Amino acid sequence: MSRQLALLDPASAFPAPEPCDQTVLCWGLGADSTAILLRLLDDPVAHGLRPDLSDLTVITAVTGMEWPDSIDLAERHVLPLLRARRVRYVQIARGGASIARDGIEILSDTRTPTVIHTSGDWSLLKDLQLSGTVPMYGGPRLCSVRAKGEPLDYWFEEHLVGEYRHIIGFEAGEHGRARGDQAFAKVGRRPWYPLINWGWDRPKLLAYLQERLGVAYPKSYCWACPYPVSAGSLPDHMARAKRFPDQIAQAAKLEYVAQALNPLFTLYAGSSLRQELHKAGNTEALDLLAARLDSEPWSVYEVRRVLARGRSQWCKDWHGPRCAACLAAAKTPVRCKACRALPRQSCTKREERCLDHQRKGQAWRAVRRIGVLPRRQAFAALQRFADRPGRSLQHTASAVEEYAFGFDRVVTLERGEGYPSVEQQFVTAPAAVPSKARSGFETVWVEALAQLPAAAGRDGGASAALFTM
């Protein structure tokens, strides 16, 4: 097929694979995958399936943060159809923090499903709570990779042998996502993007679901996800938050703890969830958040962070991965154009000129939880620490004036100019995050401190040992 033809008819660039003995549909409970599933159930033969659907497996990766209305609609409208047609439905969850060590948890594997599981033993919510972070609105969707992508890949490798069609709900117009998916080639996997093949964009599939089920089908996403807002769906998101104040209050608490440990950690670019709830008049969710912050135990946290130097452009030009031709000519430093364009270049020959003082590299963080106390007592302990010579208590005002959503911290090491850079602070927050540090952090910390002016690290080195409750 010519490039010109592909541009005229983008859907033809992603032809449906030939039928085979296995077809797997990843059902995320949202409108896209639900529309595909219903069409397969209504006319399996037309879509290369057996009349009895014995060759179709539907699978859901459970994140533990799905909106209640998505679960309710799936249980009321879709599960009865799966039971009636005896379609195999599998629900899985990540087994633990490490997919290699913990594997996955099979929540159900049945042809007569009756419930959508809301969580496994591991959930994205627990993961975010323990790490003191929120999903990032920029860069790759690592939370989706951890909660969905890796568990699904694990199940596929364990349970599928030979060729299989893998159905993914990319809409017409999402050709970039489809091309990205095709880059992840796996033995036997034959990706299929029916909505692109059918030319179905979002309005068309929503109209189909309205006619087929008689309901307005919502988009499926975690209630702490920042992407609906960055995609221009803030009004719809806030309307949903109004209907489910408990879930959005949990998201706001995740954000509050994350922002205490790192002031830059808000769910949305340029705004926080608390601010958006206030603008939307969602006082019920804000009241729930305030009550939880007052009733839960708190701690003082010591947070240390190292921002290492990044790779220099010279290093990226000369020390990246090499193609076979360049490896064969290793005696010369000249790299071919293909090598220079390779993504995710890593350096195997680290030397001083490989690092750039003006480029931010890897970030390292260590969190130490000091005591578990009521909120007022945790603040009193931080205040006593701040009263020592050379220190001061810094208060960041609440994002919503009517609520005690501010932050109190003592900064003992300010981030400097250039890299490496270090920072250290003590802050009060709910006692949700255990003490933890990346392996090798202490070595990186000591090395970074050694590169600072002598006076810069003096108080920071002593204050960690001096702080006691």
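What you are looking at is a predicted structure, and each value in this text was computed from that prediction instead of being measured.

## Comments concerning the packing of aromatic side chains
Within the structure shown, the criterion is met by 14 aromatic pairs. Ring geometry for W200 versus Y208: centroids 5.1 Å apart, planes at 55 degrees, classification tilted. By relative accessible area, which is 17% here, Y208 ends up buried. Grouped by ring-pair contacts, the aromatic residues F14, F170 and Y193 constitute a single cluster. Over the face of the ring belonging to W445 we find R304, whose NZ or CZ atom lies 5.0 Å from the ring centre.

## Brief notes about the nonpolar core
Ranked by size, the top nonpolar core spans 49 residues in total, and within it M65, L273, L277, Y301 and F405 carry the most contacts. Of all the elements in the fold, those that place two or more residues in this core are α5 (124-131), α11 (234-243), α12 (245-261), α13 (273-279), α14 (283-295), β7 (298-311) and β11 (421-430). In terms of residue count, α12 provides more of this core than any other element does, nine residues in total. The residues contacting Y301, other than those within four sequence positions of it, are L261, V367, R368, R369, Q425, F426, V427, A429, P430, A431, A432 and V433. Ranked by size, the runner-up nonpolar core spans 34 residues in total, among them A35, I36, L41 and L82.

## Structural notes on the environment of I196
By secondary structure assignment, the location of I196 is in helix α8 (residues 194-198). Considering only alpha carbons, one finds I196 and A178, 18 residues apart in sequence, at a separation of 9.0 Å.

## Here's the deal with the side chain of R365
Along the polypeptide, R365 turns up in strand β8 (residues 355-373). Among buried charged residues, R365 stands out as having no salt bridge; its nearest opposite-charge side chain is E423, 9.2 Å away. Setting aside anything within four residues of it in sequence, one finds R365 in contact with S131, G132, T133, L261, V303, R304, R305, K436, A437, R438 and F441.

## Some points on the side chain of S108
In this structure, S108 sits in strand β4 (residues 104-110). Given a relative accessible area of 14%, S108 falls into the buried group. In contact with S108, other than residues within four places in its own chain, are Y89, V90, Q91 and H117.

## Side note on the packing of helix α2 (residues 31-42) against helix α9 (residues 202-213)
Here α2 crosses α9 at 55 degrees, and the two axes come no closer than 10 Å. It follows that α2 is oblique to α9 by the angle criterion. α2 and α9 meet at a crossing whose hand is left-handed. Here A31, D32, T34, A35, L38, R39 and D42 of α2 come into contact with α9, specifically with R202, L205, L206, Y208, L209, R212 and L213. Residues that form the contact of α2 with α9 fall into these classes: eight nonpolar, one polar and five charged.

## Let's talk about the confidence of the model for the protein
On average, the protein scores 88 in pLDDT, and the residues at 70 or more come to 85%. Low confidence marks residues 1-9, where pLDDT is under 50. Its contacts with residues over four positions away, or in another chain, come to six contacts. Every residue in residues 457-462 is under pLDDT 50, and counting partners more than four places away or in other chains gives seven contacts.

## Brief notes about the sheet that holds strand β6 (residues 189-192)
One open sheet accounts for six strands, arranged β4-β3-β2-β1-β5-β6; its pairing is mixed. The outermost strands of the open sheet, each flanked by one partner alone, are β4 and β6. The mean inter-strand angle of the sheet, taken between neighbouring strand axes irrespective of direction, is 25 degrees. Bridging between strand β5 (residues 164-167) and β6 involves four bridges; their strand directions are parallel. Residue pairing for β6: I167 is matched across the bridge by W192.

## Considering unusual backbone geometry
For the peptide bond that leads from Y419 to P420, omega is 5 degrees, which places it in the cis range. When you line up the elements, P420 lands in the loop between β10 (407-413) and β11. Residues other than glycine seldom take positive phi values, yet L29 does so here, at roughly 75 degrees. Among the structural elements, L29 can be located in the loop between β1 (23-26) and α2. Positive phi, normally seen in glycine, also occurs at R86, with a value near 55 degrees. Secondary-structure assignment places R86 in the loop between α3 (68-85) and β3 (88-94). Residue R86 is classed as partly exposed on the basis of its relative accessible area of 47%.

## Structural notes on the environment of A224
With respect to the helices and strands, A224 occurs in the loop between α9 and α10 (227-230). Counting along the chain gives 31 residues from A224 to E255, while the straight-line C-alpha distance between them is 8.7 Å. Once residues within four sequence positions are removed from consideration, A224 is found in contact with M65, P135, A251, L254 and L267.

## Points about the environment of A147
In this structure, A147 sits in helix α6 (residues 142-159). As for A147 and I92, which are separated by 55 residues in sequence, their C-alpha atoms are 9.9 Å apart. Residues in contact with A147, not counting those within four places in the same chain, are A61, V62, T63, W122 and L124.

## Things to note about the sheet that holds β7
Strand order in the open sheet formed by six strands is β9-β10-β11-β7-β8-β12, with antiparallel pairing between adjacent strands. The open sheet is flanked by β9 (394-396) and β12 (436-437), the only strands paired with a single partner. Summarising the sheet, β7 and β11 pair through 10 bridges and their orientation is antiparallel. Within β11, the residue paired with V303 across the bridge is Q425. Seen against the sheet, helix α19 (residues 441-450) touches β7, β8, β10, β11 and β12 and runs at an angle of roughly 70 degrees to β7.

## Here's the deal with the state of the cysteines
By the definition in use, this model includes zero disulfides. Unpaired in this structure, C225 has its nearest cysteine sulfur neighbour in C143, at a distance of 6.2 Å.

Cut-off values and rules
Residues numbered from 1 in each chain as written. Predicted model: local features only at pLDDT ≥ 70, side-chain atom pairs only at ≥ 80, totals over all residues. Heavy atoms only, no water. Phe/Tyr/Trp six-rings, centres within 6.5 Å; stacked < 30°, edge-to-face > 60°. Buried < 20%, exposed > 50% of the residue type's maximum accessible area, 1.4 Å probe, protein only. Lys NZ or Arg CZ within 6 Å of the ring centre and 35° of its normal. Core = buried A, V, L, I, M, F, W, Y, C linked by side-chain atoms within 4.5 Å. Helix = DSSP H or I, 4+ residues; strand = E, 2+ residues; numbered from the N terminus. Contact = heavy atoms within 4.5 Å. Lys, Arg positive; Asp, Glu negative; His and termini not counted. Salt bridge = Lys/Arg side-chain N within 4 Å of Asp/Glu carboxyl O. Axes fitted to C-alpha atoms, helices over the stretch in contact; angles between N-to-C directions. Parallel < 35°, antiparallel > 145°, perpendicular 65-115°, else oblique. Left-handed = near helix turned anticlockwise from the far one by under 90°. Nonpolar A, V, L, I, M, F, W, Y, C, P; charged D, E, K, R; others polar. pLDDT = per-residue confidence, 0-100. Pairing = 2+ DSSP bridges. Disulfide = S-S within 2.5 Å.

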